[in-house]
Amino acid sequence: METMQPTMAPVGTPAAGTPDNAHKDIPGNPSTATSSKISLNDRSNRGDGPNKPLRVLSEDDWTFWKTNGYIVIKQAVPKAQAERMANLLWEFEEKDPNHPATWYAPPRAEMRMKELIGSGMVEIYNHQYQWDNRQTQRVYDAFVDVWGVDDLWVTIDRANLNFPISPDQPFKGFIHWDYDPETRPQNVQGVLALADQLDENMGGFQCLPELYRTYDTWKLTQPDDRNRFKPDTTGFAFEKVKMEAGDLLIFNSTLPHGIRPNLTKDKVRIAQYISMMPAQEDNEALRQWRITSWRDRQAPEGYAFPGDPRNWEKTRYQTADLSDLGKKLLGLESWQ
């Protein structure tokens, strides 16, 4: 196994930021590319012998994934592992799950992506517990199924505490695309439930599978100057996806999706964002940035990523230990 050595970049140089950041003005996560050169899995053999068997998805799961643009992987991580991460988020946000009076505070940093204001994004990216979830074998195997390749990098992404809405911090929910669907992005996104989300009113993931299926005809009815990231949802039924702690939802980036408002009085939606896409080992600048982000607990920079002005990750936590799989998912070690 080849270990790919990290190199140090002086603090404050351009190398310290996300290189070639195509996400400065769009919502997607800048720790990987906006789109892969490799297409999503169509279950062909890609010229490499017989089709690979699915590792996690059943045949019914595969049909659902292709039809609806998303799939829920049950118990992708153990429930106790999910709950451990949930407890960390309460600590990191300086909030008490048993005292709602602590749940609402002004945002620490300005969010450029205005529809996310009040949605409960938690600016933590490289804690050990996050990496433990990312390098869980079943999580990785699920992404291998949807991509059809083994050599993957994991996104370095954050978490979410979606509280019941309050008059002082209204949140109406939203539906959007992180990437312009006209560009036909080869990308997926994912969210791991850290607590049960069985009440449709408690916030969480929502999507429009019908628009996913009918996009090519729907766009013909839309004005040429339409917002390429926020569709007109008139006439579409919102699908509210229920999940249990430890479940992983993977969705195609061409699926219109978003967060629904939390209309309960005392339930909190808790989640971690996890996705994977084919490794870009030839992109040395991006690989070095990813290693620096992990090693120095450095947050991504982008349109939807304001960071934590307290710098708690740097001052309170240590660099996460990685398994052999985790080192490859980061880019510290080569898949070759």
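Heads up: the structure comes first, above all this text.
Residues numbered from 1 in each chain as written. Predicted model: local features only at pLDDT ≥ 70, side-chain atom pairs only at ≥ 80, totals over all residues. Heavy atoms only, no water.

Novice: Which parts of the structure should I look at to understand the packing of helix 1 (residues 59–68) against helix 5 (residues 209–218)?
Specialist: For any two helices packed against each other, the geometry is given by the interaxial angle and the distance between the axes. Their axes nearest at 8 Å, the elements helix 1 and helix 5 cross at an angle of 60 degrees. By the angle between their axes, helix 1 is oblique relative to helix 5. Note on element contacts: helix 5 touches helix 1 through P209, Y212 and R213, opposite W65, K66, T67 and N68. Across the contact of helix 1 with helix 5, the residue classes break down as 3 nonpolar, 2 polar and 2 charged. (Axes fitted to C-alpha atoms, helices over the stretch in contact; angles between N-to-C directions. Helix = DSSP H or I, 4+ residues; strand = E, 2+ residues; numbered from the N terminus. Parallel < 35°, antiparallel > 145°, perpendicular 65-115°, else oblique. Contact = heavy atoms within 4.5 Å. Nonpolar A, V, L, I, M, F, W, Y, C, P; charged D, E, K, R; others polar.)

Novice: I keep staring at the pairing of strand 8 (residues 248–252) and nothing clicks. Help me out?
Specialist: Where a strand is regular, its side chains alternate between the two sheet faces. Of all 5 residues making up strand 8, 5 are buried, and the element is well covered by its neighbours. Burial along strand 8 is two-sided: the face carrying L248, I250 and N252 and the face carrying L249 and F251 are both buried. Here strand 1 (residues 70–73) pairs with strand 8 via 4 bridges, running antiparallel. The residue of strand 8 that forms the bridge with I71 is I250. Summarising the sheet, strand 5 (residues 188–193) and strand 8 pair through 5 bridges and their orientation is antiparallel. What sits directly across from G190, in strand 8, is I250. (Buried < 20%, exposed > 50% of the residue type's maximum accessible area, 1.4 Å probe, protein only. Pairing = 2+ DSSP bridges.)

Novice: Teacher, can you tell me more about the sheet that holds strand 9 (residues 257–262) here?
Specialist: Strand pairing in a sheet is mediated by backbone hydrogen bonds. Such pairs are either parallel or antiparallel. Reading across the sheet, the 3 strands line up as 7-6-9 and stay open at both edges, with antiparallel pairing between neighbours. The open sheet has two free edges, formed respectively by strand 7 (239–240) and strand 9, since each of these has just one partner strand. Looking at chain direction, strand 6 (residues 202–207) and strand 7 are connected through 2 bridges and run antiparallel. In the sheet register, C207 faces strand 7, and the bridge partner there is E239.

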